[in-house]
Amino acid sequence: MADIEDTHFETGDSGASVTFPMQCSALRKNGFVMLKSRPCKIVEMSTSKTGKHGHAKVHLVGIDIFNAKKYEDICPSTHNMDVPFVKREDYQLTDISDDGYLCLMADNGDLREDLKIPDGELGQQLRADFDAGKELLCTVLKSCGEECVIAIKTNTALDK
């Protein structure tokens, strides 16, 4: 029993689920759904009627919200599918470190430096606008333990 006192937990987890169930027929275009265990935004959806005693089937096409890969799935309309909890937050960009990490400030003044510059065109645009001296807001999407910058916009609130 003495070894229990030596146990140290770095972080605690509430054990809350990262998804919730929703009936297939209740899903909508532009909503979110888990396809192949990845959080996706639904871009296309169609329902097909089947034979005499069959179920109506829902054909879903979704784009992964983090890596933009396309996923498809077919599910009976009466079955449940997992829907991820997706949180969207805006942060003000304060600095970009030499190793490619963003220094972001939340509305309450908290700083975070754990997100890398996004790959591709968005990352190039972000660096160019920041180097040009623009005040930028970064939109961060968080779901299933992952997060990334998905959009940037010029901070117009400072002009007022």
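Residues numbered from 1 in each chain as written. Predicted model: local features only at pLDDT ≥ 70, side-chain atom pairs only at ≥ 80, totals over all residues. Heavy atoms only, no water.

Put simply, the rule is: UniProt positions are given in the numbering used here, feature names are shortened, and annotations may be inferred rather than shown by experiment.
In the nomenclature of an unreviewed UniProt entry, the chain is known as Eukaryotic translation initiation factor 5A of Gryllus longicercus. According to the UniProt record, the Sequence similarities (unreviewed entry) comment for the chain is "Belongs to the eIF-5A family."

1. Considerations on the sheet that holds strand S7 (residues 87-96)
Filter applied, for reference: Strands were regarded as paired on the criterion that DSSP finds at least two bridges between them. Only DSSP runs of H or I reaching four residues or more are called helices, and only runs of E reaching two or more are called strands; each is numbered from the N terminus. Where helices are involved, their axes are fitted lines through C-alpha atoms of the stretch in contact, as for all axes, and angles between N-to-C directions lie from 0 to 180°. The contact definition used throughout considers only heavy atoms, calling two residues in contact when any of these lie within 4.5 Å.
Strand order in the open sheet formed by 5 strands is S9-S8-S7-S10-S11, and the pairing between neighbours is antiparallel. If you trace the sheet from one side to the other, it starts and ends with strand S9 (111-116) and strand S11 (146-154), each paired once. Taken over all neighbouring pairs, the strand axes of this sheet differ in orientation by 45° on average, direction set aside. Packing of helix H1 (residues 120-131) onto the sheet brings it into contact with S7, strand S8 (101-105), strand S10 (136-143) and S11, and relative to S11 it is tilted by some 50°.

2. Notes on a negative patch on the surface
Stated formally: Patches here are clusters of residues that have more than 30% relative accessible area and form no salt bridge, with a 9 Å joining cutoff for like charges and a 5 Å cutoff for nonpolar side chains (Val, Leu, Ile, Met, Phe, Trp, Tyr). To be clear on the numbers: accessible area is Shrake-Rupley with a 1.4 Å probe, and residue cover counts the displayed protein chains and nothing else. Salt bridges are counted wherever a side-chain nitrogen of Lys or Arg sits within 4 Å of a carboxyl oxygen of Asp or Glu. His is not counted, nor are the chain ends, whereas Lys and Arg count as positive and Asp and Glu as negative. Taken as the charge centre is NZ of Lys, CZ of Arg, CG of Asp or CD of Glu, depending on the residue. Summary of the burial criterion: residues with accessible area below 20% of their type's maximum are buried, those above 50% are exposed, and those between are partly exposed, where the area comes from a 1.4 Å probe applied to protein chains only.
A cluster of acidic residues, Asp95, Asp98, Asp99 and Glu113, forms a negative patch on the protein surface. By secondary structure assignment, the location of Asp98 is in the loop between S7 and S8. The exposure class of Asp98 is exposed, given its relative accessible area of 85%.

3. A few points about the side chain of Asp129
As for its placement among the helices and strands, Asp129 is situated in helix H1. On the basis of relative accessibility, which here comes to 10%, the residue Asp129 falls in the buried class.

4. Re the nonpolar core
Just so we agree on the cut-off: Buried Ala, Val, Leu, Ile, Met, Phe, Trp, Tyr and Cys residues that are joined via side-chain atoms within 4.5 Å together make up what is termed a nonpolar core.
One finds Leu93, Leu102, Leu104, Leu126, Cys138 and Val149 to be the most contacted residues of the largest nonpolar core, which totals 14 residues. Of all the secondary-structure elements, those providing two or more residues to this core are S7, S8, S10 and S11. Sequence-distant contacts of Val149, that is, excluding residues within four places in its chain, are made with Leu102, Leu115, Pro118, Leu122, Leu126, Cys138, Thr139 and Val140. Counting 12 residues, the second largest nonpolar core, distinct from the first, contains Ile42, Val58, Leu60 and Cys75.

5. Quick look at unusual backbone geometry
Not every positive phi belongs to a glycine, and Asn30 is a case in point at roughly 70°. Residue placement: Asn30 occurs in the loop between strand S1 (19-23) and strand S2 (32-35).

6. Re the sheet that holds strand S5 (residues 70-76)
Read from one edge of the open sheet, 4 strands run S2-S3-S4-S5, paired in antiparallel fashion. Of all the strands in the sheet, just S2 and S5 have a single pairing partner and so form its edges. Adjacent strand axes in the sheet meet at a mean angle of 45° when their direction is disregarded. Judged from the 7 bridges that link them, strand S4 (residues 57-64) and S5 form a sheet pairing that is antiparallel. Directly across from His59, in S5, lies its bridge partner Ile74.

7. Section: the pattern of salt bridges
The full count for this structure, using the stated rule, is 7 salt bridges. The residue Lys153 makes a salt bridge to Asp90 at a minimum N-O spacing of 3.3 Å. Here Asp90 lies in strand S7 and Lys153 lies in strand S11, a separation of 63 residues in the sequence. A relative accessible area of 41% means that Lys153 is categorised as partly exposed. In this structure, Asp114 and Arg112 form a salt bridge, with 3.0 Å as the shortest nitrogen-oxygen distance. The partly exposed category is assigned to Asp114, whose relative accessible area is 47%. On the basis of relative accessible area, Arg112 is assigned to the buried category, the value being 15%. Through salt bridges with shared partners, a single ionic network connects Arg38, Asp64 and Glu146.

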